[in-house]
Amino acid sequence: NAGRQQVSEVRVLQEKKNEAATKIQSLERGRQCRQQLAAEQEEQQQQKEFAESASNQQIEGADHQDEQQREDAAVKIQKVHRGNAGRQQVSEVRVLQEKKN
């Protein structure tokens, strides 16, 4: 009778030990999953920030390119205007010289 009781107590202790081990393993797996999820979220955030940064740089580059194109167009317009004004002056000088002659 005492031997059976000891065997029963050993079984109960073994079951409690197994339950505790299972709980510890479960807690460890949960901790690992949370860490992995946090790492994935951090990586996604970094990728998002990198993409936004690259996009902003492209926009800034496009703005700079647009500004440069505007400046080039303004210079070209000024050259044409100066050329026209110069030709007109030469033409007026010729007309005045012809009138004198």
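Higher on the page you've got the structure.
Residues numbered from 1 in each chain as written. Predicted model: local features only at pLDDT ≥ 70, side-chain atom pairs only at ≥ 80, totals over all residues. Heavy atoms only, no water.

1. Observations concerning the overall build of the chain
Phase 1: The secondary structure content of the chain amounts to one helix and zero strands.
Phase 2: Relative to the compact-globule value of 13 Å for 101 residues, the chain shows a C-alpha radius of gyration of 43 Å, a clear excess of over 25%.
Phase 3: With the principal axes as the frame, the chain shows a C-alpha extent of 150 × 5 × 5 Å.
Phase 4: The buried share of the chain, taken over its 101 residues, is 0%.
Phase 5: Looking at the chain as shown, the accessible area adds up to about 9700 Å², and 50% of this sits on carbon and sulfur atoms.
Phase 6: In the chain, 17 positive and 17 negative side-chain charges are present, and the distance between their average locations comes to 1 Å. (Helix = DSSP H or I, 4+ residues; strand = E, 2+ residues; numbered from the N terminus. Rg over C-alpha atoms; globule rule 2.2 N^0.38 Å. Buried < 20%, exposed > 50% of the residue type's maximum accessible area, 1.4 Å probe, protein only. Areas by Shrake-Rupley, 256 points an atom, 1.4 Å probe, with all protein chains shown as cover. Lys, Arg positive; Asp, Glu negative; His and termini not counted. Charge placed at Lys NZ, Arg CZ, Asp CG, Glu CD.)

2. Describing the pattern of salt bridges
Phase 1: Taken as a whole and assessed by the stated rule, the structure comprises two salt bridges.
Phase 2: In this structure, R31 engages E28 in a salt bridge whose closest nitrogen and oxygen atoms are separated by 2.3 Å. One end of the pair, R31, and the other, E28, are both in helix 1 (residues 2-100), three residues apart, so they sit about a helical turn from each other.
Phase 3: What makes R31 partly exposed here is its relative accessible area of 34%.
Phase 4: Among the salt bridges present, the one from R70 reaches E67, with a minimum N-O distance of 2.8 Å. (Salt bridge = Lys/Arg side-chain N within 4 Å of Asp/Glu carboxyl O.)

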